[in-house]
Structures are given as C-alpha cells and as structure tokens.
Amino acid sequence: MTEQETVQAEQAEGTRVDEGEIAADYVEGLLDIADVDGDIEIDADGARTTLVVGEAGDDLGGLSKPEVVAALQELTRLAVQQQTGDFSRLVLDVAGSRDARAEQLQAVVERAAASLADGAQRVPLEPMSSYERKLVHDLVREHGLASESEGEGADRHIVIVPA
C-alpha cells in the first residue's frame, strides 16, 4: 500500500468513526426522549458503520419492530448526513433486529425458491432497503438462483428468477 493509499484509508476510517459517534449521539438523544435505556456500540468495519443498540431480547419499548428500526435508521442517516455533508450507509441494529430480519429474509427467499420450483418464471419481492437487498441477493445465490433489482427509490425491489 502506498503512503497516499494509507492516508486515504486512515481518513476514511476517521470519517466512519465520526459517523458512528454522530449517529450514537443522535440515537442516545432519541432514547433519552423515549425514556428507554440501551447500550450503544459502534462497529465501523469495511465501508459501512453499524450502530448496535441493546442486545437481542432487550426490551426497548417496541423500538426493535422492523418498521420502527427502518424509520430510526433513516432518521439517524439523515442526522449524520446533515452534520457531515456526506451520504451515510449506516445500519442500525436494535435489540437483535438485524438478525431477526435476516431470518425473515431467509424465509422469503425459501418461499420464492419453492414458487420457482413449482413453475413460476419470476418472483418479485416487496421493496426493501439497499442493505436488505444485498442480503437477499447473497441468499438467492446460495440457493443457486438469480436475482436482479428493479424499480427506483422507495419502490426498488428484487425479482428472483431461475439461474
């Protein structure tokens, strides 16, 4: 790695740490408003920062429901973007919600695989976040099938087809 590449990597890591700190402060403020206790950990690896709030099974007052996590994640991303000026790819995991969602997506892919085995030519899925789409693309490949994303913005979704 050249010296310039090393400096760029260190700067990128510093940006992710800053992103994590900004996000953690924002979420901590929301938890205070909701009068909910939860430990917050920042995991800045690769190109994505993950904020983990609480542990699997923690009672965080309904904050681990998928639609609530998605809304909190979007609000947190916007708060980070506002302070950094950069697009945020932050992922929020509340009380194990990420693992629970991965299990749900596994079941969705298995149902789609069964539909294809029963003769369906393609199986369109519901719109989902870019992070969830990446998980689904990986799961689809593990099943020996093919997938592609279609649509724009909030309507972006995956279509699963035979390989």
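Scroll up to find the structure this text is about.
The present account deals with the structure reproduced in this document. (Residues numbered from 1 in each chain as written. Predicted model: local features only at pLDDT ≥ 70, side-chain atom pairs only at ≥ 80, totals over all residues. Heavy atoms only, no water.)

**Some details on the sheet that holds strand S5 (residues 145-150)**
An order of S4-S6-S5 is seen for the three strands of this open sheet, with the pairing classed as antiparallel. A single partner strand is all that each edge strand has here, and the edge strands are strand S4 (123-124) and S5. Pairing analysis gives six bridges linking S5 to strand S6 (residues 157-162), with the strands arranged antiparallel. Counted as the bridge partner of alanine 146 is valine 161 from S6. With respect to the sheet, helix H3 (residues 97-117) is in contact with S4, S5 and S6, its orientation differing from that of S6 by roughly 40 degrees. Against the sheet, helix H4 (residues 130-142) contacts S5 and S6, and its axis sits at roughly 160 degrees relative to S5. (Pairing = 2+ DSSP bridges. Helix = DSSP H or I, 4+ residues; strand = E, 2+ residues; numbered from the N terminus. Contact = heavy atoms within 4.5 Å. Axes fitted to C-alpha atoms, helices over the stretch in contact; angles between N-to-C directions.)

**Observations concerning the sheet that holds strand S3 (residues 91-94)**
Sheet architecture is open: three strands sit in the order S1-S2-S3, paired in mixed fashion. What marks the edges here is a single partner per strand, and that holds for strand S1 (40-45) and S3. In this sheet, neighbouring strand axes are inclined to one another by 20 degrees on average, regardless of whether the strands run parallel or antiparallel. One ladder, built from four bridges, connects strand S2 (residues 48-53) with S3; its direction is parallel. Across the sheet, the residue bridging to leucine 51 is leucine 92, located in S3.

**Looking at the layout of surface pockets**
Of the pockets and cavities examined, the largest pocket occupies roughly 540 Å³. For the largest pocket, the lining is made up of 23 residues, of which Pro66, Ala70, Gln73, Ser129 and Glu132 are closest to its centre. The element contributing the most residues to the lining of the largest pocket is helix H2 (residues 66-84), with seven residues. The residue makeup of the lining of the largest pocket, split by class, is 10 nonpolar, seven polar and six charged. (1 Å grid on protein atoms, 1.4 Å probe; cavity = no way out; pocket = protein on both sides within 12 Å on 5 of 7 lines; lining within 4 Å. Points joined across faces, edges and corners; volume = space filled by probe spheres on them. Nonpolar A, V, L, I, M, F, W, Y, C, P; charged D, E, K, R; others polar.)

**Regarding H3**
The terminal C-alpha atoms of H3 lie 30 Å apart, and with 21 residues this matches the ideal 30 Å at 1.5 Å per residue to within 8%. Turning to H3, the residues buried within the fold contact H2, S3, S4, H4, S5 and S6. Just past H3, the residue glycine 119 takes up positive phi, approximately 115 degrees. (Expected span 1.5 Å × (residues − 1).)

**Quick look at the pattern of salt bridges**
Counted by the stated rule, this structure contains four salt bridges. Among the ionic pairs, arginine 122 bridges to glutamate 150, the shortest N-O distance being 2.8 Å. You can see arginine 122 sitting in the loop between H3 and S4 and its partner glutamate 150 sitting in strand S5, a full 28 residues away along the chain. Exposure remark for glutamate 150: the relative accessible area of 25% places this residue in the partly exposed category. In this structure, aspartate 138 engages lysine 134 in a salt bridge whose closest nitrogen and oxygen atoms are separated by 2.7 Å. You can see aspartate 138 and its partner lysine 134 sitting in helix H4, four residues apart, about one turn around the helix. (Salt bridge = Lys/Arg side-chain N within 4 Å of Asp/Glu carboxyl O. Buried < 20%, exposed > 50% of the residue type's maximum accessible area, 1.4 Å probe, protein only.)

**Comments concerning the pairing of S1**
Sheet analysis places S1 next to S2, joined by six bridges and oriented antiparallel. Paired with isoleucine 42 across the bridge in S2 is leucine 51. Here S1 folds back onto S2, and the loop between the two strands holds two residues, one of which, glycine 46, carries a positive phi near 65 degrees.

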